[in-house]
Amino acid sequence: MASSKEYLEFILGQLSELEEITYRAMMGEFIIYYRGKIVGGIYDDRLLVKPVKSAISYMPTAPYELPYEGAKEMLLVDEVDNKEFLTGLFHAMYGELPAPKPKKKK
């Protein structure tokens, strides 16, 4: 099941306090970037984030879920209605997220 554009717009609205939030559509789902780094994505209308230490401590009871078959587990963000919570989560995670891989020259 693919994610809806409406859910993407809702999440982007909830993250509107943050600068440099971008996304990329990928096979019916959406990858979410914060200041150029992948934070997580929207899969089956669920916001999932990478399970870095800061995210785990920010959401200690968050369940691990698979974004799709064969993928690594990610943390489910339940509090998508809470703008301040989401903003704080993304701020907390940013320093731990891996830098984007350099693009190969053609």
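All figures in this text were calculated on a predicted structure; none of them were measured in a lab. (Residues numbered from 1 in each chain as written. Predicted model: local features only at pLDDT ≥ 70, side-chain atom pairs only at ≥ 80, totals over all residues. Heavy atoms only, no water.)

What follows is about the overall build of the protein chain. Counting secondary structure elements, the protein chain contains three helices and six strands. In sequence order, the secondary structure elements of the protein chain are arranged as α-β-β-β-β-α-β-β-α. In terms of C-alpha radius of gyration, the protein chain reaches 13 Å, essentially the compact-globule figure of 13 Å for 106 residues. Once the C-alpha set of the protein chain is aligned to its principal axes, its extents read approximately 45 × 30 × 30 Å. Counting across all 106 residues of the protein chain, residues that qualify as buried make up 43%. Nonlocal contacts in the protein chain, meaning residues at least 24 apart in sequence, comprise 54% of its contacts between residues at least 6 apart. When the accessible surface of the protein chain is totalled, it reaches about 6,700 Å², and 55% of it is carbon and sulfur. Counting 14 positive and 16 negative side-chain charges, the protein chain places the centres of these two groups 15 Å from one another. (Helix = DSSP H or I, 4+ residues; strand = E, 2+ residues; numbered from the N terminus. Rg over C-alpha atoms; globule rule 2.2 N^0.38 Å. Buried < 20%, exposed > 50% of the residue type's maximum accessible area, 1.4 Å probe, protein only. Contact = heavy atoms within 4.5 Å. Areas by Shrake-Rupley, 256 points an atom, 1.4 Å probe, with all protein chains shown as cover. Lys, Arg positive; Asp, Glu negative; His and termini not counted. Charge placed at Lys NZ, Arg CZ, Asp CG, Glu CD.)

Mapping Glu73 onto the fold places it in the loop between strand E5 (64-65) and strand E6 (74-76). Separated by 13 residues in sequence, Glu73 and Leu86 place their C-alpha atoms 19 Å apart.

Our focus in this paragraph is the layout of surface pockets. The volume enclosed by the largest pocket comes to roughly 440 Å³. Forming the walls of the largest pocket are 17 residues, and the residues nearest its centre are Ile31, Tyr43, Pro67, Tyr68 and Met74. Of the residues assigned to the lining of the largest pocket, the class counts are eleven nonpolar, one polar and five charged. Counted as a void, the second largest pocket has a volume near 300 Å³. In terms of lining residues, the second largest pocket is bounded by Arg24, Tyr33, Gly36, Lys37, Ile38, Lys50, Pro98, Ala99, Pro100, Lys101 and Lys103. Within the lining of the second largest pocket, the residues separate by chemical class into five nonpolar, one polar and five charged. (1 Å grid on protein atoms, 1.4 Å probe; cavity = no way out; pocket = protein on both sides within 12 Å on 5 of 7 lines; lining within 4 Å. Points joined across faces, edges and corners; volume = space filled by probe spheres on them. Nonpolar A, V, L, I, M, F, W, Y, C, P; charged D, E, K, R; others polar.)

Moving on: the nonpolar core. Of all hydrophobic cores here, the largest spans 28 residues; its most connected members are Val49, Val77 and Phe90. The set of elements that each furnish at least two residues to this core consists of helix H1 (5-14), strand E2 (29-34), strand E3 (37-43), strand E4 (46-49) and helix H3 (83-94). Here this core gets six residues from one element, more than from any other, and that element is H3. Excluding residues within four positions of it along the chain, Phe90 makes contact with Leu15, Leu18, Ile21, Ile32, Tyr34, Val39 and Val49. In terms of nonpolar packing, the next biggest core, distinct from the first, is built from six residues, Ile31, Leu48, Met74 and Leu76 among them. (Core = buried A, V, L, I, M, F, W, Y, C linked by side-chain atoms within 4.5 Å.)

So, on to the sheet that holds E5. What the six strands build is an open sheet, ordered E1-E2-E3-E4-E6-E5; its pairing is antiparallel. A strand with exactly one partner marks an edge of an open sheet, and here the two such strands are strand E1 (21-26) and E5. Of the pairings in the sheet, the one linking E4 to E6 comprises two bridges and is antiparallel in character. Of the residues in E6, the one forming a bridge with Val49 is Leu75. Against the sheet, H1 touches E1, E2, E3 and E4, its axis set at about 165 degrees to E1. (Pairing = 2+ DSSP bridges. Axes fitted to C-alpha atoms, helices over the stretch in contact; angles between N-to-C directions.)

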